[in-house]
Amino acid sequence: MDISFALTGKGYVIVAADTTAARSIVKMKVDEDKIKVLSPHLLMAFSGEPGDTVQFAEYIERNIRLYQIRNTYALRPPSAASWIRRALADSLRSRRPYAVNLLVGGYDTSTHTPHLYWIDYLGTMSEVPFAAHGYGAYFALSLLDRYHDPEAPLEEGLATLRRCLDEVAKRLVVTPEKYKVKIVDKDGVREVEI
């Protein structure tokens, strides 16, 4: 049961994901990092089948790093999201499709704008101001729709995320204990406590 949220604001993208690794009714781990740093200004939160998520996330991470080494510059967020969507769509048409849902967030240093992409396991991609995957999406999307402000400063964005996490804790039967929260902006990627 993976839960991930993301939202954009004035010059930043906040990505949060629970840290629980569980299978059926068994909790195996409580410190799993479900957010990959793909480049200095690009993050990807992943959820889905445990084996698929780790394998696909590492495949994406290594190939984006290889692109950066070969070309001496990193992919911009729109290009990276399109390539990730294509890789997921290609796997869907193979014998071994990945059951992975993604939130790709990044800061474009050339246009100085944040980008957030919602990608599902079927390879559907959409650029969105806020997004969620998992059971938490049932409770958080209405809150994000009401309280999200694309021009909000970082503190207000974190307060909106806190509302989402509190609502999930209050209403979901099996609530994750902890979340990892990462921010990407003009200064790069950093992790914050919430």
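Residues numbered from 1 in each chain as written. Predicted model: local features only at pLDDT ≥ 70, side-chain atom pairs only at ≥ 80, totals over all residues. Heavy atoms only, no water.

Undergrad: In this structure, what is going on with the nonpolar core? I would like to understand it.
TA: As a rule of thumb, soluble globular proteins bury nonpolar side chains together. Phe5, Leu7, Tyr12, Ile14, Leu161 and Val168 are the most contacted members of the largest nonpolar core, which totals 24 residues. Sorting the residues of this core by element identifies strand S1 (4-9), strand S2 (12-18), strand S10 (130-133), helix H3 (137-147), helix H4 (154-171) and strand S11 (179-185) as the ones contributing at least two each. What tyrosine 12 contacts, discounting residues up to four positions off in sequence, is Leu7, Pro114, Ala152, Pro153, Leu154, Gly157, Ile183, Val184 and Asp185. Residues Leu42, Phe46, Ala57 and Ile64 belong to the second largest nonpolar core, which totals 20 residues. (Core = buried A, V, L, I, M, F, W, Y, C linked by side-chain atoms within 4.5 Å. Buried < 20%, exposed > 50% of the residue type's maximum accessible area, 1.4 Å probe, protein only. Helix = DSSP H or I, 4+ residues; strand = E, 2+ residues; numbered from the N terminus. Contact = heavy atoms within 4.5 Å.)

Undergrad: What am I meant to see in unusual backbone geometry here?
TA: Excluding glycine, most residues fall at negative phi; most peptide bonds, likewise, are trans. A positive phi is found at serine 24, a non-glycine position, where the angle reads about 60 degrees. With respect to the secondary-structure elements, serine 24 resides in the loop between strand S3 (21-23) and strand S4 (26-29). Unusually for a residue other than glycine, histidine 112 sits at a positive phi of about 60 degrees. With respect to the helices, strands and loops of the structure, histidine 112 is situated in the loop between strand S7 (100-108) and strand S8 (113-119).

Undergrad: Help me out: how do you make sense of the packing of helix H1 (residues 50-71) against helix H2 (residues 77-92) in this one?
TA: Geometrically, a packed helix pair is captured by the angle between its two axes and the distance between the axes. Interhelical geometry of H1 versus H2 gives an angle of 135 degrees and a closest axis separation of 11 Å. It follows that H1 is oblique to H2 by the angle criterion. The element H1 and its partner H2 pack so that their crossing is right-handed. The segment H1 lies against H2, with Phe56, Tyr59, Ile60, Asn63 and Ile64 engaging Ala80, Trp83, Ile84, Ala87 and Leu88. (Axes fitted to C-alpha atoms, helices over the stretch in contact; angles between N-to-C directions. Parallel < 35°, antiparallel > 145°, perpendicular 65-115°, else oblique. Left-handed = near helix turned anticlockwise from the far one by under 90°.)

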